Amino acid sequence: MNETENDKRFVRKAKSLFDDSVEHLDAATLSRLTRSRHRALEELERAGHRWPRAFWIPATGIAAAMLVALLVLRVPLDTSPPIDQPLARDFDMLLEEDSLEMFEELEFYSWLELADAQPDDHVG
């Protein structure tokens, strides 16, 4: 006999024993079970009036979690200072094709930069 057949037989036997035990309950036990069932149903009805308040508790938790996630994701991850724009332009200039010509005239560009840094009193 395979395992599934044993399982089916076990379930049938357990159900049969349960049904027999329920059918042969005494009156006092049946009365206690009925009263307990009615109390549970009344409690369920009373709990139904608390539904709006019970609804807001998880909703508030979800909203708080979303707010925290939004604040965490909004913080920039890169804390390095921004690249100086003139340096970025210089780098772009180096990548151009005629950058070799600039290197040939590097002394001129150095002199030009120094001349721009000095006051305009000496025009020459």
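Above this text you will find the structure in question.
Residues numbered from 1 in each chain as written. Predicted model: local features only at pLDDT ≥ 70, side-chain atom pairs only at ≥ 80, totals over all residues. Heavy atoms only, no water.

**Q** What's the story with the overall build of the chain in this structure? I'm lost.
**A** In terms of helices and strands, the chain carries 6 helices and 0 strands. The proportion of buried residues among the 124 residues of the chain is 2%. Accessible surface, the chain as shown: approximately 12400 Å² in total, 63% of it carbon and sulfur. (Helix = DSSP H or I, 4+ residues; strand = E, 2+ residues; numbered from the N terminus. Buried < 20%, exposed > 50% of the residue type's maximum accessible area, 1.4 Å probe, protein only. Areas by Shrake-Rupley, 256 points an atom, 1.4 Å probe, with all protein chains shown as cover.)

**Q** Would you mind going over the environment of Thr34 with me for this structure?
**A** In this structure, Thr34 sits in helix α2 (residues 27–48). Overall, Thr34 belongs to the partly exposed group, its relative accessible area being 33%.

**Q** Any chance you could explain the pattern of salt bridges here in plain terms?
**A** Should the charged atoms of two oppositely charged side chains come close, the side chains can pair. Across all of its chains, the model carries 1 salt bridge by this definition. Across the pair Asp19 and Lys15 runs a salt bridge whose closest N-O atoms are separated by 3.0 Å. Placement of both Asp19 and Lys15 in helix α1 (residues 3–23) is noted, with a separation of 4 residues, approximately one turn of the helix. Judged by its relative accessible area of 52%, Lys15 is exposed. (Salt bridge = Lys/Arg side-chain N within 4 Å of Asp/Glu carboxyl O.)

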